[in-house]
Amino acid sequence: MRILVIGSGGREHALTRALTASEHTTAVFAAPGNPGTAQVATNLDVAADDFDGLVEHVRTRDIDLTIVGPEQPLVDGIVDRFEEEGLDIVGPTAAAARLEGSKAFADEFMDEHGIPTADFEIFRADESDEAAAYLDEVGAPIVVKASGLAGGKGAYVCTTLDEAHAALSEIVTDRAFGAAGDQVVVEEYLEGEEASVFALTDGEHYVVLPPSQDHKPLGEGDTGPNTGGMGAYAPAPVVNGSALTEVCRRIIEPTLAGMQAAGTPYRGLLYCGLMMTEEGPKVVEYNCRFGDPEAQVVLPLVESDLVEVFQKLVEGRMREATLHAAPGACACVVLASDGYPTAYDTGFEITGIDDAEALEAVSVVHAGTARSDDGTLVTDGGRVLGVTATGEDLPAALDRAYDGVDAIQFSGKTFRRDIGEKGLRRLQAS
Ligand code: AMP
Ligand code: GLY
C-alpha cells in the first residue's frame, strides 16, 4: 500500500513512522511534511489546504490510502472531496467533523443524546448582554469559549467573573478569533483530571486506543497559559479498566449512534477529551483527529498492524478489527521555543538528536523544525521536538525520555520537568 499523511507536525511524524512499520506499506508520503517525516517518507510540496493539489498527487503517485492529521482540512471537507473522487481517506466528513468545528453543535448534540458533559448555554455574538448577564448569574469559576476552530486558544477557564467578562469581550467585541466567535459557549467548570481517549471507527463499530494524558498548560504544576500540549504519556492510569468501559458505554457508543441517527455517521478517529470527575467521565471537547502530542505516545503502544485497521475502517469492516496494545508505557516530552505559546524566535540550530536516538527506546519526533539553506536543522515553530520513549512502565519511559531531552540542545529550549507526574502519583497510590 502507498499511503499519504496530510500535515506537518509532530503528530504527522509519529503517524508516518507508525505506518512505515506495517508489512503492508510499500511507500509513505507526507504533505507537506517536515524534516522528520523526510527521514521515513517522501515529502510532497503541497499544502494541507490545497485539496486540488492533494487529489492530483494521490492520482499521479498511485496512493491507495490517505490519513488526515490536522482538523482544519477535515472541517473544510477534505473527506467529502476525496469521497467524491472515489479515493480512500481516513477521517470524518465535514458534517461529522462539526463535533470539533463547532463547540455549540457538540454541546447541543451531547445534550440531545444524554452524553455526560458540562452544563452550558450558547449565545450569538450579538447577544453579549445576555451572555454577560448569564455569567453574573452563574458566577466563577466558569468557562467561556469561542464556538469555532481557534487553534486551541479559544477556551478561557476563568477563576473570577472579571476574567470571564474579559474573555467574553475578547471573543465578541475584539473578535479575537474572527468568525469562530460568531457563537460563544459558556460552560460549567468541571473539576477533575483530564484524559484523552481515541476511538477508530467506521461509524458503527470501533476500537479504542490506549488512554493518554496531555499536559496543556505551559508551566510545571499545570500553571501558565494553555498550549497545544507540552507532553503526554500512555496508558493514563486515571482511565483504568472500569473507567474506560464507562467511556465506551456512556460516551463513545452514544456518540456514534447519535451521529448515525442524524444521517452524518462519524468515520475516522474520534478524540474524546475527558474530565474524570467525581460523577464519572465527562466530555470537555471532541476532536476529529489524533491528538498532538498524544499520538506520539499512543501509536508506539499499538501492537496491531495499523494499516490493517485503517483499511478495515475505510471498508466499513471495523466489526472485524482488533487492537492489541503493547505492554509497558510511553512518554513524550515536548521541547518548545522560549516565548511559546505567544511570541518566539526561530532559526536556532538544533543539535543532539542523534545522541538522543542512540539511547535505548528513545525516538525524537519533529514538530516545528526546518532545514536552513546549508542543510542545518533549525527551530521553526513553537513546539519544536517531541522526545518520546517507551519503557516497561511509566517511570522507565519517563527516565528515558528525560535522558533524551538532556542530549538535545537549541537556544531557548523550554520544557516541563513534570510530565507524567500525575500518572506516577496514581500508580504509587494504587
Ligand atoms: P477546549 O478548547 O474546549 O479543548 O478547552 C481547552 C482546555 O480548557 C481543556 O483541555 C481543559 O483543560 C479546559 N476546559 C475546557 N472546558 C472546560 C470545562 N468545562 N471545565 C474545566 N476545564 C475546561
Ligand atoms: N493535545 C491536544 C489536542 O491535540 O487537541
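Going by the structure above, here's the rest.
Residues numbered from 1 in each chain as written. Chains lettered and ligands numbered in written order. Predicted model: local features only at pLDDT ≥ 70, side-chain atom pairs only at ≥ 80, totals over all residues. Heavy atoms only, no water.

Things to note about the nonpolar core
Point 1. Grouped together as the largest cluster of nonpolar side chains are 75 residues, with contacts concentrated most on Leu4, Leu54, Ile78, Val239, Leu385 and Ile408.
Point 2. Among the elements that line this core, the one with the most residues is helix 10 (residues 241-261), at 8 residues.
Point 3. Excluding anything up to four places from it in sequence, Ile408 contacts Leu335, Ile350, Thr351, Gly352, Ile353, Ala356, Val364, Leu385, Val387 and Lys413.
Point 4. Counting 36 residues, the second largest nonpolar core, distinct from the first, contains Phe198, Phe290, Val309 and Val365. (Core = buried A, V, L, I, M, F, W, Y, C linked by side-chain atoms within 4.5 Å. Buried < 20%, exposed > 50% of the residue type's maximum accessible area, 1.4 Å probe, protein only. Helix = DSSP H or I, 4+ residues; strand = E, 2+ residues; numbered from the N terminus. Contact = heavy atoms within 4.5 Å.)

Re the site of ligand 2
Point 1. Around ligand 2 sit Asp214, Lys216, Gly228, Tyr271, Asn287, Arg289, Gly291, Asp292, Pro293 and Glu294, and that is every residue in its neighbourhood.
Point 2. Contacts to ligand 2 include Gly228, whose backbone N or O atom sits 3.2 Å from a nitrogen atom.
Point 3. One of the side-chain nitrogen or oxygen atoms of Arg289 is found 2.8 Å away from an oxygen atom of ligand 2.
Point 4. Contact with the protein chains removes 90% of the 200 Å² of surface that ligand 2 exposes when unbound.
Point 5. Here the shell around ligand 2 is built from residues that sort into 2 nonpolar, 3 polar and 5 charged. (Near = heavy atom within 4 Å. Polar contact = N/O pair within 3.5 Å; in protein donor to acceptor, adjacent residues only side chain to side chain. Areas by Shrake-Rupley, 256 points an atom, 1.4 Å probe, with all protein chains shown as cover. Nonpolar A, V, L, I, M, F, W, Y, C, P; charged D, E, K, R; others polar.)

Remarks on the pairing of strand 16 (residues 268-277)
Point 1. Within strand 16, 10 of the 10 residues are buried, which leaves it mostly tucked inside the rest of the structure.
Point 2. Relative to strand 16, strand 10 (residues 193-201) runs antiparallel, the two being bridged by 9 bridges. Residue pairing for strand 16: Glu194 is matched across the bridge by Met275.
Point 3. Between strand 16 and strand 17 (residues 280-287), which pair antiparallel in sequence order, lie 2 residues. (Pairing = 2+ DSSP bridges.)

Some remarks on the sheet that holds strand 17
Point 1. Ordered by their spatial adjacency, 4 strands build an open sheet running 11-10-16-17, and the pairing between neighbours is antiparallel. The open sheet is flanked by strand 11 (206-208) and strand 17, the only strands paired with a single partner. With direction set aside, neighbouring strand axes in the sheet form an average angle of 35 degrees.
Point 2. Helix-sheet contacts for helix 12 (residues 306-314) involve strand 10, strand 11 and strand 16, and the interaxial angle to strand 10 is about 65 degrees. (Axes fitted to C-alpha atoms, helices over the stretch in contact; angles between N-to-C directions.)

Considerations on the side chain of Glu187
Point 1. Its place among the elements puts Glu187 in strand 9 (residues 183-188).
Point 2. Under the relative-accessibility criterion, Glu187 is labelled buried at 7%.
Point 3. Reaching out from Glu187, the side chain makes a polar contact with the side chain of Lys145 at a distance of 2.9 Å.
Point 4. Aside from chain neighbours lying at most four places away, what touches Glu187 is Asp107, Ala118, Asp119, Phe120, Ile142, Val143 and Lys145.

Examining the site of ligand 1
Point 1. The local shell around ligand 1 holds 16 residues, among which Lys145, Glu188, Leu190, Glu194 and Glu285 are the closest.
Point 2. Taking Lys145, its side chain carries an N or O atom lying 2.9 Å from an oxygen atom of ligand 1.
Point 3. Here Glu187 contributes a side-chain N or O atom positioned 3.1 Å from a nitrogen atom of ligand 1.
Point 4. Protein contacts shield 93% of the accessible area of ligand 1, which totals 470 Å² for the unbound molecule.
Point 5. Where the shell around ligand 1 is concerned, the elements lending two or more residues are strand 7 (142-146), strand 8 (155-158), strand 9 and strand 17.
Point 6. In terms of residue class, the shell around ligand 1 is built from 8 nonpolar, 1 polar and 7 charged.

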